[in-house]
Amino acid sequence: LAPLIMANQGVPVAFIPTAQGSTTLVASPAHWAKGGARYADLISRLSGSGVNGVKAVLWYQGETDATSGISQSAYATALSQMISDMRTDSGMALQLVAALIGEVSAVSDANLTAIRAAIVDRWSNDGNVLPGPSAADYNFADGTHWTTNGEASVLAARWWRCLRAHFYGNATEPAR
């Protein structure tokens, strides 16, 4: 993703990685909710980064919450609360660019749909949650993850389309 942004913008790009697999926003122990370990790590890394601003938090999460059967309303509420807390605790005007999760071989369609619907709801009803890429149409080599170089290229292109639409003035290709 960084080379796509740098080629278009002609400036360096930095990412502050905080991702960790098999984490949750709602299901216990709610890693990404305020007070959770992943949330605390993100705030710490933002504060310790020395940057004077962050364009966005890229959010690609929900598979483990779907596995736990979290409802659409619970996930939507938690997503809005999380970005609100992040904005307050970081002191930055952060926006969350939220991706739609793909298939998870061991999770029911109803549970996946609940998480996806919650994210789409936030796109429409929370100005701090912007449309991210969708993986709902993708057939993963391992059934769940972007694992191959080819898959990584597809994901990077999808993220770039969304970020370009939101932050870099490309109105010809909307993110959504």
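Residues numbered from 1 in each chain as written. Predicted model: local features only at pLDDT ≥ 70, side-chain atom pairs only at ≥ 80, totals over all residues. Heavy atoms only, no water.

Draft legend 1. The arrangement of the sheet that holds strand β3 (residues 129-134) in detail. Strand order in this open sheet of three strands is β1-β2-β3, and the pairing throughout is parallel. What marks the edges here is a single partner per strand, and that holds for β1 (57-59) and β3. Between one strand axis and the next, the sheet turns through 25° on average, direction left out of account. Where β1 meets strand β2 (residues 96-100), three bridges bridge the pair, whose relative direction is parallel. Bridged to Trp59 within β2 is Ala98. The sheet contacts of helix α5 (residues 109-125) involve β2 and β3, and relative to β2 the element is tilted by about 145°. (Pairing = 2+ DSSP bridges. Helix = DSSP H or I, 4+ residues; strand = E, 2+ residues; numbered from the N terminus. Axes fitted to C-alpha atoms, helices over the stretch in contact; angles between N-to-C directions. Contact = heavy atoms within 4.5 Å.)

Draft legend 2. Broad picture of the pairing of β2. Among the five residues in β2, five count as buried, and that is most of the element. Every second residue of β2 is oriented toward a common face, with Leu96, Ala98 and Leu100 on one face and Val97 and Ala99 on the other, all of them buried. Each parallel crossover has a hand, and for β2 linked through α5 to β3 it is right-handed. (Buried < 20%, exposed > 50% of the residue type's maximum accessible area, 1.4 Å probe, protein only. Right-handed = clockwise from strand over helix to strand, strands pointing away.)

Draft legend 3. Just the packing of helix α1 (residues 2-9) against helix α6 (residues 149-167), in detail. Two elements in contact, α1 and α6, have axes whose closest approach is 9 Å; the angle formed by their N-to-C orientations is 40°. Accordingly, the angle class assigned to the pair α1 and α6 is oblique. At the point where α1 passes α6, the crossing takes the right-handed sense. Every residue of α6 that contacts α1 at Leu4, Ile5 and Asn8 is listed here: Ala156, Ala157, Trp160 and Leu163. Broken down by class, the residue content of the contact of α1 with α6 amounts to six nonpolar, one polar and no charged. (Parallel < 35°, antiparallel > 145°, perpendicular 65-115°, else oblique. Left-handed = near helix turned anticlockwise from the far one by under 90°. Nonpolar A, V, L, I, M, F, W, Y, C, P; charged D, E, K, R; others polar.)

Draft legend 4. Representation of the pairing of β3. A large share of β3 lies buried, amounting to five of its six residues. Pairing of β2 with β3, which is carried by four bridges, proceeds in the parallel orientation. Counterpart to Val97 in the pairing with β3 is Leu130.

Draft legend 5. Expanded view of the packing of aromatic side chains. In total, this model carries five aromatic pairs according to the counting rule given. Taking the centre distance of 5.5 Å and the plane angle of 85° together, the rings of Trp32 and Trp59 count as edge-to-face. Remark: Trp59 occurs in strand β1 and Trp32 occurs in the loop between α1 and α2 (37-48); sequence separation between them is 27 residues. Connected via pairs of aromatic rings, a cluster forms that spans Tyr138, Phe140 and Trp146. (Phe/Tyr/Trp six-rings, centres within 6.5 Å; stacked < 30°, edge-to-face > 60°.)

Draft legend 6. View of the packing of helix α4 (residues 72-90) against α5. For the pair α4 and α5, the least separation of the axes is 8 Å and the interaxial angle reads 45°. Judged on the interaxial angle alone, α5 and α4 are oblique. In the crossing of α4 with α5, the sense of the turn from one axis to the other is right-handed. Note on element contacts: α5 touches α4 through Ala114, Ile115, Ala117, Ala118, Ile119, Asp121 and Arg122, opposite Gln72, Tyr75, Ala76, Leu79 and Ser80.

Draft legend 7. Layout of the nonpolar core. Counting 32 residues, the largest nonpolar core has Trp59, Tyr75, Leu79, Met82 and Met86 as its most contacted members. Residue assignment for this core shows that the elements contributing at least two residues are α2, β1, α4, β2 and α5. For this core, the element with the most residues is α4, which contributes seven residues. Tyr138, Phe140, Trp159 and Trp160 belong to the second largest nonpolar core, which has 13 residues in total. (Core = buried A, V, L, I, M, F, W, Y, C linked by side-chain atoms within 4.5 Å.)

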